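What follows is the residue order along each chain.
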Amino acid sequence: MRSLQPLLHDLVPTIAAPTTALSGPDGQIRPAGVQGVFHADRRVLSAAVLRLDDRSPDPIGWAPAGPGATRFVSVARWLGDEIADPTVRIVRTRRIKPGVIEEEIEIVSSATVPVTTRVTVETASDFAPIEAVKAGRAVASSPGRVMVRVDPYRTWEVTLAPGQSTVLRWSATVDDPDAVMLPGRRGAFSRPGVRARDRRVERLVAQSLDDLAALRLTTAIDDGDTFLGAGVPWYLTLFGRDSLWAARMMLPLGTDLALGTLGALARRQGEKIDPETGEAPGKIMHELRRTDVSQTLPATYYGTIDATLLWISLMHDAWRWGGVVEGLLPHLEAALAWLGDHADPDGDGFLEYLDDTGRGLANQGWKDSGDAIRFHDGRLAAPPIALAEVQGYAYRAALDGAALLDAFGRPGGDHWRSWAAAMGDRFRAAFWVDEGRYPALALDGDKRPVDSLTSNAGHLLGTGLLTAAEEARVAAALADPAMSGAYGLRTMSAADRGFAPLSYHCGSVWAHDTAIVAAGLARGGFAAEALTLFDGLLAAAETFDFRLPELYGGDARTELSRPVAYPAACHPQAWSSAAAILMLQAWLGLEPDVPNGVVRLNPLPGAPTVTGLQIAGHAVSFDGATLTGLPPGLSVEQ
């Protein structure tokens, strides 16, 4: 019997990266599935089970209690008064700090008689690597140099007088000298005040910011530079694409996180050709793991076609928001050299990928599952693959790189503008399908358009690769109910034969994907289409307690329906949480250009009022009509 990946959708996370606790909704951490306390890619506690008189209390609810904290409420119905109402209540508050789990167990009696009970917390450790847990084949492993110290006092004899309560405490600490991921101490971002007619906006932003604060990481070589771990539990590490997109979405709250992410990835920028790891000179890496638990991919892996392009554009955008980026210019030039020398191995003018080793990722765009690239009739495309959105990213990166080179007196700007113009012509000739209604998902190894309609086309909006008329065609295709008829934007049209609502990349809805496309629609003047996608995200957020997961089902939206959880979705996920901030920015139509002294503002109908945004280090507010608090030298264009 094959091993199955354990389910995640009904587990409750408590996070302070690089430490995460995953429990059932009752607060119990049982030795099953992916439950446990994880630290830096190892499960350091595989059980933490609370019992009263050797019985588990009955759960009645849970709720987040702020960053790194969760509160679980249960009752012990066999204790106290012999009536229908429960008279003994247990409030279990779990707090996670990096390398530490602390629990406070409050037992409250409203009984009219004394209550006596024996309370225990049973713990266990299996030290299973995260990769083995994900594969559904976790077994007890050697701890190596990892040490877990559990508070020995985990048994209490409790007697409560009528109406009395007591508080019990226990804790565990982790010492892991080989951990690659360390808690991020910088990467601060502002916490804006948001007022909207739709109160779901405020709740989504609040929960998202709590989660983003808990996902901050650094490493020993990064001099404090902080980035966001991609997601809990599988991806709580530095991921090129995910960390870059999340930092880019967070720019309205400050540039520290963007600069930290750029710096951490620049330190690991490729220097040589290595087919095993996918490394190439100037290339930005995909994923960083610890060497003692990485089993499938190399610990430092470069199998990504888009991270280098996103790195260039994040550097450009951070500069436009007022960040200081001069120290990154040598890395920019190396990244552009990768684009010119290594991104197009067959010389056809498009960026493509192919894993020659058979051991890396078969697909190396953001839709990286093995079956993600399908024709309209459902057939899988054969590599090498040239993704549509990657050509748009490349076009944007070439222009962004040119702007930075010009601004800092470096040569090469004209070359990259010419390169981008030629890319636009090639794309126009090769990618459009269905009588020019939308761009194909990709070109396959035989240069045939992979003609399914997918959300990838929406990532082209706002890159400049498309003309205004072409953007209007893409907007119309994506507004079709087959794409926008779910709670957000489907990854693949329901009219394509490969579509399935619970397919990882062929029919599900991803929050970050929807937000990116909605932002592109808003920028292009397609307000109604953008607001439809915003509303889908808000409706989904309400279903998931305002913690948008990695993805969820792409089932049709009706008045009586609600989104279906994807059973293995990470939550929280950095770019899903940061999507709330991108939504705010797009709603306001806020585009700073600090170097040129301009802030563009083009709010959509119903835009919320927001205080505490950051532009060039100054707190800026939007009052529903204009911006206040801009630094000297900046003017607003509306």
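Residues numbered from 1 in each chain as written. Predicted model: local features only at pLDDT ≥ 70, side-chain atom pairs only at ≥ 80, totals over all residues. Heavy atoms only, no water.

J.: Please clarify how the overall build of the chain should be interpreted in this entry.
T.: In terms of helices and strands, the chain carries 13 helices and 30 strands. For 638 residues, the compact-globule formula gives about 26 Å, and the C-alpha radius of gyration of the chain, at 25 Å, lands near that figure. Judged by the C-alpha coordinates and their principal axes, the chain covers about 85 × 55 × 50 Å. Carbon and sulfur atoms form 51% of the exposed surface of the chain, whose accessible area is close to 23,500 Å². Here the chain carries 58 positive and 76 negative side-chain charges, and the mean point of each set is 4 Å from the other. (Helix = DSSP H or I, 4+ residues; strand = E, 2+ residues; numbered from the N terminus. Rg over C-alpha atoms; globule rule 2.2 N^0.38 Å. Areas by Shrake-Rupley, 256 points an atom, 1.4 Å probe, with all protein chains shown as cover. Lys, Arg positive; Asp, Glu negative; His and termini not counted. Charge placed at Lys NZ, Arg CZ, Asp CG, Glu CD.)

J.: Mind showing me how you'd approach the sheet that holds strand β14 (residues 182–183) here?
T.: In a beta sheet, neighbouring strands are held together by backbone hydrogen bonds and run either parallel or antiparallel to one another. Here we have 3 strands laid out as an open sheet, ordered β14-β16-β17, and antiparallel in their pairing. Whereas interior strands pair on both sides, the edge strands pair on one side only; in this sheet they are β14 and β17 (227–228). Two strands pair when backbone bridges link them, and β14 and strand β16 (residues 216–218) are joined in this way by 2 bridges, in the antiparallel orientation. Along β16, the bridge assignment pairs Leu 182 with Thr 218. (Pairing = 2+ DSSP bridges.)

J.: Can you walk me through empty space enclosed by the protein in this structure?
T.: Space left empty within the atom packing is revealed by a probe, the size of a water molecule, rolled over the atoms. Taken as a whole, this structure holds 4 cavities of 30 Å³ or more when the rule is applied. Its boundaries defined by the atoms lining it, the largest cavity holds a volume of some 90 Å³. Around the largest cavity sit 15 residues that line it, and Gly 66, Gly 68, Ala 69, Asp 211 and Arg 547 are the ones nearest its centre. At the level of secondary structure, the elements contributing two or more residues to the lining of the largest cavity comprise β1 (12–16), β6 (58–64), β7 (69–75) and α2 (200–214). (1 Å grid on protein atoms, 1.4 Å probe; cavity = no way out; pocket = protein on both sides within 12 Å on 5 of 7 lines; lining within 4 Å. Points joined across faces, edges and corners; volume = space filled by probe spheres on them.)

J.: Honestly, the nonpolar core in this entry has me stumped. Any pointers?
T.: Proteins that are soluble and globular tend to have nonpolar side chains buried together. The biggest cluster of nonpolar side chains holds 173 residues, and the ones touching the most others in it are Trp 311, Leu 339, Leu 351 and Ile 373. When residues of this core are assigned to their parent elements, the largest contribution, 12 residues, is made by helix α13 (residues 574–588). Membership of the second largest hydrophobic core comes to 31 residues, among which are Ile 29, Ala 76, Val 88 and Leu 160. (Core = buried A, V, L, I, M, F, W, Y, C linked by side-chain atoms within 4.5 Å. Buried < 20%, exposed > 50% of the residue type's maximum accessible area, 1.4 Å probe, protein only.)

J.: Please explain the layout of surface pockets as it appears in this structure.
T.: Reported here for the largest pocket is a volume of approximately 1,000 Å³. If you trace the largest pocket, you find 36 residues lining it, with Gln 5, Lys 134, Tyr 235, Leu 361 and Tyr 504 closest to the centre. Mapped onto the lining of the largest pocket, the elements with two or more residues apiece are α1 (130–134) and α3 (240–249). The greatest single-element share of the lining of the largest pocket, amounting to 3 residues, is contributed by α1. Residue composition of the lining of the largest pocket, grouped by class: 17 nonpolar, 9 polar and 10 charged. (Nonpolar A, V, L, I, M, F, W, Y, C, P; charged D, E, K, R; others polar.)

J.: Explanation requested: helix α12 (residues 527–543) in the structure shown.
T.: With 17 residues, α12 extends 25 Å between its outermost C-alpha atoms, agreeing within 8% with the 24 Å of an ideal straight helix rising 1.5 Å per residue. Where α12 is buried, its residues meet α2, α10 (481–484), α11 (511–523) and α13. (Expected span 1.5 Å × (residues − 1). Contact = heavy atoms within 4.5 Å.)

J.: I tried to follow the packing of α11 against α12 on my own but got confused; where do I start?
T.: For any two helices packed against each other, one specifies the crossing angle of their axes together with the interaxial distance. At a minimum axis separation of 8 Å, α11 and α12 run at an interaxial angle of 155°. With respect to their mutual orientation, α11 and α12 come out roughly antiparallel. For the element pair α11 and α12, the recorded crossing hand is left-handed. Across the interface between the two elements, Ala 511, Thr 514, Ala 515, Val 517, Ala 518, Leu 521 and Ala 522 of α11 pack against Glu 529, Ala 530, Leu 533, Phe 534 and Leu 537 of α12. (Axes fitted to C-alpha atoms, helices over the stretch in contact; angles between N-to-C directions. Parallel < 35°, antiparallel > 145°, perpendicular 65-115°, else oblique. Left-handed = near helix turned anticlockwise from the far one by under 90°.)

J.: Explain unusual backbone geometry here, please?
T.: If a residue is not glycine, its phi is most likely negative; likewise, a peptide bond is most likely trans. With an omega of 10°, the peptide bond between Ala 17 and Pro 18 qualifies as cis. Positionally, Pro 18 belongs in the loop between β1 and β2 (19–23). With an omega of -5°, the peptide bond between His 571 and Pro 572 qualifies as cis. Mapped onto the elements, Pro 572 comes out in the loop between α12 and α13. Positive phi, normally seen in glycine, also occurs at Phe 127, with a value near 55°.

J.: Mind showing me how you'd approach the environment of Val 91 here?
T.: Tracing the backbone shows Val 91 in strand β8 (residues 88–97). Note on Val 91: relative accessible area 12%, which makes it buried. Separated by 55 residues in the primary sequence, Val 91 and Val 146 have C-alpha atoms spaced 31 Å apart.

J.: Sorry if this is basic, but what is going on with the packing of aromatic side chains here?
T.: Describing an aromatic ring pair means giving the distance of the ring centres and the angle of the ring planes. Tallied over the full model, the rule gives 12 aromatic pairs. When the ring of Phe 350 is compared with that of Phe 431, the centres are 5.4 Å apart and the planes differ by 75°; the resulting orientation is edge-to-face. Separated by 81 residues along the polypeptide, Phe 350 in the loop between α6 (329–341) and β20 (386–387) and Phe 431 in the loop between α8 (413–430) and β21 (432–433) bring together distant segments of the chain. Relative to Trp 575, the ring of Trp 366 has its centre 6.2 Å away and its plane inclined at 90°; by these criteria the two rings are edge-to-face. With Trp 366 in the loop between α6 and β20 and Trp 575 in helix α13, this pair connects stretches of sequence that are 209 residues apart. Accessibility expressed as a relative area gives 4% for Trp 366, which makes it buried. Assessed through its relative accessible area of 2%, Trp 575 is described here as buried. The side chain of Arg 379 reaches across the aromatic face of Phe 375, ending 4.3 Å from its centre. Stacked on the ring of Trp 432, the Lys or Arg Arg 473 has its end atom at 4.6 Å from the ring centre. (Phe/Tyr/Trp six-rings, centres within 6.5 Å; stacked < 30°, edge-to-face > 60°. Lys NZ or Arg CZ within 6 Å of the ring centre and 35° of its normal.)

J.: Looking at this structure, how should I read the pattern of salt bridges?
T.: As a working rule, side chains carrying opposite charge can pair if their charged atoms are close by. Throughout the structure, instances matching the rule amount to 47 salt bridges. Residue Arg 374 is joined to Asp 371 by a salt bridge in which the shortest nitrogen-to-oxygen separation is 3.7 Å. Assessed through its relative accessible area of 30%, Asp 371 is described here as partly exposed. Beyond isolated ion pairs, a larger network of salt bridges with shared partners links Arg 186, Asp 222, Asp 225, Arg 267 and Arg 268. (Salt bridge = Lys/Arg side-chain N within 4 Å of Asp/Glu carboxyl O.)

J.: Could you clarify how one ought to interpret the side chain of Asp 242 in this entry?
T.: If you trace the backbone, Asp 242 turns up in helix α3. With no salt bridge to any partner, buried Asp 242 finds its closest opposite charge in Arg 241, at an N-O distance of 4.4 Å. For Asp 242, the contacting residues outside a window of four places in its chain are Ala 230, Gln 573 and Trp 575.

J.: Whenever I open this one, the sheet that holds β6 confuses me. Can you help?
T.: The sheet built from 6 strands is open, its strands ordered β6-β7-β8-β9-β13-β11 with antiparallel pairing. The open sheet has two edge strands, β6 and β11 (147–150), and neither has a second partner. For this sheet the average axis-to-axis angle between neighbouring strands, irrespective of direction, equals 15°. Where β11 lies against strand β13 (residues 165–175), 4 bridges are found, and the strand directions are antiparallel. In the strand pairing of β13, Val 148 is matched with Val 174.

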